[in-house]
Amino acid sequence: MERIKFDLISPTAPARRAAAGERPPGPRAFRFSMLPSLYAAASMPPYVDTRIVDEDVQPIDFDTEADLIGISFMTYNAPRAYEIAERFRGDKGKPVIFGGYHPTLMPEEAIQHADAVCVGDAEPNVPRMMEDLAAGRLGGLYASEPTPLANLPIPRRDLIRKKDYAPVDVAQATRGCSHRCSFCSIAAFHNHHFRTRPVAEVIEEIKDLGRYILFMDDAITANRDYAMELFSAMVPLGKHWFSQCGIGIAQDEELLDLATRSGCRGLFIGFESLSEQGLRSWSKRSNLGKDYVVAVRRLHAAGIAVVAAFVFGGDHDTADVFPRTLEFLLEANVEVLQATRMTPFPGTPLFEEMDQQGRILDKDWSHYDFGHVVFEPAQMRCETLDSGVAWVQSEFYARQRIARRIGRGLGYLDPGVILRAILPINLAYRRKMAVVGTFEQGAAFDPRGGALQSMLAVRGSPRSGNGSQLPV
């Protein structure tokens, strides 16, 4: 069989667009390896020569000799993906296939811009796509049910330049999430399935990687028995690892202790909201009844840094949500904040609900990047939501506050983790905010009021003024 040259492209975000031959504008992001593309490349038949092109770090070669173009993308870079596809299909006469979150959740839209669309996991679908290309019958949607994760191919890490990404090795032990949070595109993509790889296969893969491992898992502790088995097997490896999981780990002393002994040094946790009403409205039931401050303190006591994700703009949020959330973040000394404007991604229950209510104001997918308000909030103006999120970010990433939490973190976190991960991520967020004008945006939000002014001073010790404002 003749060899197939395949270029697999990851489009850049609109804000980072660059002319051919130029670096993306502004500071480099603290980017992680593109694991889905590496898995897709590893799943190719032996007669396919794959090249990975990440537009965030290199320009696209529109004069490539590739026989087939693949584009993997999410919602925010869908317009750029369609633009790239049009140039290759219309100007160059090359077939184009799509994959990723947006094509999976919006396949009927995506197929209008491509010859074929991979719906769901790449591993079972791309071999069939390559066979059909070779046979001259490539076309349509290629879909499969979530498949078992045993015998996954080893990601083709040799196809990217390690220096272009964060100084950690990336792996995966589980996929998906069984929860039904209405705003979550991850749960929608995996159809609420949670799958695990055999522990022995995970260990075999990561044992020869570097000391620092990032598990690109959405809920690594969702199956407690599996997590216990995995963490036990990792103890002898001496790795330092990071991942994402639910807040429940802070209440499970045995699991938390084993995670620490296995090398866990940082966790991304979706706190989402301080409002139990808000959590219920999103079906985020796993967070109900949790004391966030106590949970963070337990994680810190175990030597684990916390990356806190908060979503602003829910129907129960009023303008006071911004200073209340900042108060919690400062009191708990959370190491990193991901503050996002609620985004009803197409393909999620939240989008369908808001679309039926006529509350979706903007269907320019490039704005679905957590940085734009694309819907009508229930209890505040769009401008208030936009400037309020920017204000929280700018206050949290003020220089004095970065210095203070790093100093406090030295009392319970590994100094190497602080220098290798926590400090660089804080500085990267601050640089990004300077580029996109977050500080100027945040200045438009005024949290005036005597108690708030005292609480939010950069100097002094921020304390929770009303514990009932936190989920308990």
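For the structure, check the block above.
Parameters and conventions
Residues numbered from 1 in each chain as written. Predicted model: local features only at pLDDT ≥ 70, side-chain atom pairs only at ≥ 80, totals over all residues. Heavy atoms only, no water. Helix = DSSP H or I, 4+ residues; strand = E, 2+ residues; numbered from the N terminus. Buried < 20%, exposed > 50% of the residue type's maximum accessible area, 1.4 Å probe, protein only. Contact = heavy atoms within 4.5 Å. Lys, Arg positive; Asp, Glu negative; His and termini not counted. Charge placed at Lys NZ, Arg CZ, Asp CG, Glu CD. Axes fitted to C-alpha atoms, helices over the stretch in contact; angles between N-to-C directions. Parallel < 35°, antiparallel > 145°, perpendicular 65-115°, else oblique. Left-handed = near helix turned anticlockwise from the far one by under 90°. Nonpolar A, V, L, I, M, F, W, Y, C, P; charged D, E, K, R; others polar. Pairing = 2+ DSSP bridges. 1 Å grid on protein atoms, 1.4 Å probe; cavity = no way out; pocket = protein on both sides within 12 Å on 5 of 7 lines; lining within 4 Å. Points joined across faces, edges and corners; volume = space filled by probe spheres on them. Phe/Tyr/Trp six-rings, centres within 6.5 Å; stacked < 30°, edge-to-face > 60°. Salt bridge = Lys/Arg side-chain N within 4 Å of Asp/Glu carboxyl O.

1. Observations regarding the overall build of the protein chain
Link 1 in the chain: Each helix and strand counted, the protein chain has 18 helices and 14 strands in total.
Link 2 in the chain: Classification of the 472 residues of the protein chain by burial places 56% in the buried group.
Link 3 in the chain: Counting only contacts in the protein chain whose residues sit at least 6 apart along the sequence, the fraction spanning at least 24 positions is 74%.
Link 4 in the chain: Here the protein chain contributes 53 positively and 59 negatively charged side chains, and the mean placements of these two sets differ by 6 Å.

2. Overview of the packing of helix H8 (residues 224–234) against helix H9 (residues 253–261)
Link 1 in the chain: Between H8 and H9, the least distance of the axes is 9 Å, while the angle of their chain directions is 30°. Our classification of the angle between H8 and H9 gives roughly parallel. Taken as a pair, H8 and H9 cross one another with a handedness that is left-handed. Across the interface between the two elements, Arg224, Ala227, Met228, Phe231 and Ser232 from H8 touch Glu254, Leu255, Leu258 and Ala259 from H9.
Link 2 in the chain: Here the contact of H8 with H9 is composed, by residue class, of six nonpolar, one polar and two charged.

3. Considerations on the sheet that holds strand E1 (residues 4–10)
Link 1 in the chain: Here we have six strands laid out as an open sheet, ordered E2-E1-E3-E4-E5-E6, and parallel in their pairing. Each having just a single partner strand, strand E2 (48–54) and strand E6 (140–143) make up the two edges of the open sheet. Each strand of the sheet is rotated relative to its neighbour by a mean of 20°, with strand direction disregarded.
Link 2 in the chain: Pairing analysis gives seven bridges linking E1 to E2, with the strands arranged parallel. Each bridged residue has a counterpart across the sheet, and for aspartate 7 the counterpart in E2 is arginine 51.
Link 3 in the chain: On the sheet, helix H2 (residues 78–91) packs against E1, strand E3 (68–72) and strand E4 (96–99) and is oriented at approximately 160° with respect to E4.

4. Let's talk about empty space enclosed by the protein
Link 1 in the chain: Scanning the entire structure with this criterion turns up three cavities of 30 Å³ or more.
Link 2 in the chain: Size it by volume and the largest cavity reaches roughly 50 Å³.
Link 3 in the chain: In this structure, the largest cavity is lined by Leu329, Leu330, Asn333, Val334, Arg401, Arg404, Arg405 and Arg408.
Link 4 in the chain: In terms of residues, the lining of the largest cavity owes the most to one element, helix H15 (residues 399–409), which gives four residues.

5. Comments concerning the packing of helix H11 (residues 292–301) against helix H12 (residues 321–332)
Any two packed helices are characterised by the angle at which their axes cross and by the distance between the axes.
Link 1 in the chain: It is at 10 Å that the axes of H11 and H12 come closest, and there the two elements cross at 30°. Overall, the two elements H11 and H12 adopt an arrangement that is roughly parallel. The crossing of H11 and H12 is right-handed. Contacts from Tyr292, Val293, Val296, Arg297 and His300 of H11 reach H12 at Phe328, Glu331 and Ala332.
Link 2 in the chain: By residue class, the composition of the contact of H11 with H12 is five nonpolar, one polar and two charged.

6. Considering the packing of aromatic side chains
Link 1 in the chain: A complete count under the given rule lists 24 aromatic pairs for this structure.
Link 2 in the chain: Centre to centre, the rings of phenylalanine 73 and phenylalanine 98 are 4.9 Å apart; their planes meet at 90°, and the pair counts as edge-to-face. Residue phenylalanine 73 is found in the loop between E3 and H2, and its partner phenylalanine 98 is found in strand E4; the two are separated by 25 residues along the sequence.
Link 3 in the chain: Judged by its relative accessible area of 2%, phenylalanine 73 is buried.
Link 4 in the chain: Relative to phenylalanine 242, the ring of tyrosine 212 lies with its centre 6.5 Å away and its plane at 10°, an arrangement referred to as stacked. On the criterion of sequence distance, the pair formed by tyrosine 212 in strand E10 (residues 212–215) and phenylalanine 242 in strand E11 (residues 240–244) is long-range, its members being 30 residues apart. Each member of the pair, tyrosine 212 together with phenylalanine 242, is buried.

7. Observations concerning unusual backbone geometry
Link 1 in the chain: In this structure, glutamate 272 is a non-glycine residue whose phi angle is positive, near 70°.
Link 2 in the chain: Topologically, glutamate 272 is positioned in strand E12 (residues 264–272).
Link 3 in the chain: Given the relative accessible area of 8%, glutamate 272 is considered buried.
Link 4 in the chain: Here the phi dihedral of asparagine 333 falls at roughly 55°; this positive angle occurs in a residue that is not glycine.
Link 5 in the chain: Its location among the elements puts asparagine 333 in the loop between H12 and strand E14 (336–341).

8. Considerations on the pattern of salt bridges
Link 1 in the chain: All told, the structure shown has 27 salt bridges when counted by the stated rule.
Link 2 in the chain: For aspartate 320, the salt bridge identified is with arginine 324, shortest N-O distance 3.5 Å.
Link 3 in the chain: By sharing partners, the salt bridges in this structure join Asp121, Glu123, Arg175 and Arg195 into a single network.

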